[in-house]
Amino acid sequence: MSLCLVANWKLNGSKEFNHQWALEFLRNFNGNNFSILGIAPASLYIDHLKTILTDCDIEIGSQNIDLEETGARTGEISASMIKELGCAFSIIGHSERRMLFHETNQMICQKLIQADNNSVIPILCIGESAEENQSNNTFNVLEQQIIEALENANELSALIIAYEPVWAIGSGKTPKPEEINSVHEMIKDVVQSRFPKIGLESVLYGGSVNFKNASSLFEQKNVDGALIGGASLDGREFALIANVFNELRV
Ligand code: PGA
């Protein structure tokens, strides 16, 4: 089983936060399969978090990587740098990066290749806007995002896709669990039929996942896990979500 529950801490955290989070998480998590769990802190704290979580093999990853390996690219970090710090994965193409930092599917494709070249598992984020959802364009939009992001990266040895409707992120709203299930089924079909050489490991759902709605999501056959923002900042809530996942899926 690969990564199933991934915490996206976004622009939050500090050394003190890392300590408190780990205490709360370890106090409340009642499983022992740590390797299905991942945390993506701000990259500055990857090393620090690793030293705190030495006794359990929770995977650590980054929230982004650059599309180049080296060069005159002030402020960027490369896949090989996060690999050296012991990262197992990187989130790539999150909707906040697409909107705030103007990332295109073509740039995202290059980042996927960088990750793969460095044996970092990419978590490719895709998702439709509220307008696209309301006009029943979800499937078309997602299919196009998948095809454009993968068409020049069609031999990735490992890939995780996170379906994150833009309107569900941080809003408290989610699609119905059955709708998410059918979107995930479509994503798996598209990747497997159009990119048979890509090792698609799992499809996660992201967008307002919390302890209350976790079981309704994890009960869905095609939901392999979740990418969690706000609720993951609370070590206790992340542990409780992981406990729900363990009861239903492990
Ligand atoms: P959220 O964020 O859980 O706070 O909605 C999810 C994400 O942006 O990955």
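Residues numbered from 1 in each chain as written. Predicted model: local features only at pLDDT ≥ 70, side-chain atom pairs only at ≥ 80, totals over all residues. Heavy atoms only, no water.

Student: Honestly, the overall build of the protein chain in this entry has me stumped. Any pointers?
Tutor: Of the regular secondary structure elements, the protein chain holds ten helices and eight strands. Relative to a compact globule of 250 residues, whose C-alpha radius of gyration would be 18 Å, the protein chain shows 17 Å and is just as compact. Overall size of the protein chain, expressed as C-alpha extent along the three principal axes, is 45 × 45 × 30 Å. A burial count over the protein chain gives 55% of its 250 residues as buried. When the accessible surface of the protein chain is summed, it comes to about 11300 Å², and 48% of that surface belongs to carbon and sulfur atoms. Taken as two groups, the 18 positive and 32 negative side-chain charges of the protein chain have centres that lie 2 Å from each other. (Helix = DSSP H or I, 4+ residues; strand = E, 2+ residues; numbered from the N terminus. Rg over C-alpha atoms; globule rule 2.2 N^0.38 Å. Buried < 20%, exposed > 50% of the residue type's maximum accessible area, 1.4 Å probe, protein only. Areas by Shrake-Rupley, 256 points an atom, 1.4 Å probe, with all protein chains shown as cover. Lys, Arg positive; Asp, Glu negative; His and termini not counted. Charge placed at Lys NZ, Arg CZ, Asp CG, Glu CD.)

Student: Looking at this structure, I do not really get the side chain of Asp 116. What am I missing?
Tutor: Structurally, Asp 116 can be placed in helix H5 (residues 105-117). When near neighbours in sequence (up to four residues on either side) are disregarded, Asp 116 contacts Glu 155, Leu 156, Ser 157 and Ala 158. (Contact = heavy atoms within 4.5 Å.)

Student: Please explain the site of the ligand as it appears in this structure.
Tutor: In the neighbourhood of the ligand, 13 residues make up the surrounding shell, with Lys 10, His 94, Glu 164, Gly 170 and Ser 208 lying closest. Within the contact set of the ligand, an oxygen atom lies 3.4 Å away from a side-chain nitrogen or oxygen of Asn 8. At a separation of 2.8 Å, an oxygen atom of the ligand approaches a polar backbone atom of Gly 229. Its residues assigned to classes, the shell around the ligand comprises four nonpolar, seven polar and two charged. (Near = heavy atom within 4 Å. Polar contact = N/O pair within 3.5 Å; in protein donor to acceptor, adjacent residues only side chain to side chain. Nonpolar A, V, L, I, M, F, W, Y, C, P; charged D, E, K, R; others polar.)

Student: Honestly, a nonpolar patch on the surface in this entry has me stumped. Any pointers?
Tutor: On the surface, Met 99, Leu 100 and Phe 101 cluster together into a nonpolar patch covering about 350 Å² of accessible area. Within the secondary structure layout, Leu 100 lies in helix H4 (residues 95-100). (Patch = residues over 30% accessible without salt bridge, like charges linked within 9 Å, V, L, I, M, F, W, Y side chains within 5 Å. Salt bridge = Lys/Arg side-chain N within 4 Å of Asp/Glu carboxyl O.)

Student: What's the story with the sheet that holds strand S7 (residues 200-206) in this structure? I'm lost.
Tutor: Hydrogen bonds along the backbone pair up the strands of a sheet, which may run parallel or antiparallel. One closed barrel accounts for eight strands, arranged S1-S2-S3-S4-S5-S6-S7-S8; its pairing is parallel. Within this sheet the neighbouring strands show an average axis-to-axis angle of 25°, counted without direction. Sheet topology places strand S3 (residues 59-62) next to strand S4 (residues 89-92); two bridges connect them, and they run parallel. By the bridge assignment for S4, Gly 61 is matched with Phe 89. (Pairing = 2+ DSSP bridges. Axes fitted to C-alpha atoms, helices over the stretch in contact; angles between N-to-C directions.)

Student: How should I be thinking about the environment of Pro 165 in this particular structure?
Tutor: Residue position: Pro 165 is located in the loop between strand S6 (159-163) and helix H8 (177-194). Taking the C-alpha atoms as reference points, Pro 165 and Glu 68, separated by 97 residues in sequence, lie 28 Å from one another. With near-sequence residues (within four places) excluded, Pro 165 lies in contact with Gly 127, Glu 128, Pro 175, Tyr 205 and Gly 206.

Student: I'm lost on the side chain of Asn 243 in this one. Help?
Tutor: Considering the arrangement of structural elements, one finds Asn 243 in helix H10 (residues 235-249). Residues contacting Asn 243, with those up to four places away along its chain left out, are Asn 28, Phe 29, Asn 30 and Gly 31.

Student: In this structure, what is going on with the packing of helix H7 (residues 138-150) against H8? I would like to understand it.
Tutor: Helix-helix packing is characterised by the crossing angle of the two axes and by the distance between the axes. Where H7 meets H8, the closest approach of the two axes is 11 Å, and the angle between their N-to-C directions is 35°. Crossing of H7 over H8 shows right-handed handedness. Side by side, H7 and H8 meet where Thr 138, Phe 139, Leu 142, Glu 143, Ile 146, Ile 147 and Leu 150 of the first sit next to Ser 182, Val 183, Met 186, Ile 187, Val 190, Val 191 and Arg 194 of the second. Looking at the contact of H7 with H8 residue by residue, the classes come out as ten nonpolar, two polar and two charged. (Left-handed = near helix turned anticlockwise from the far one by under 90°.)

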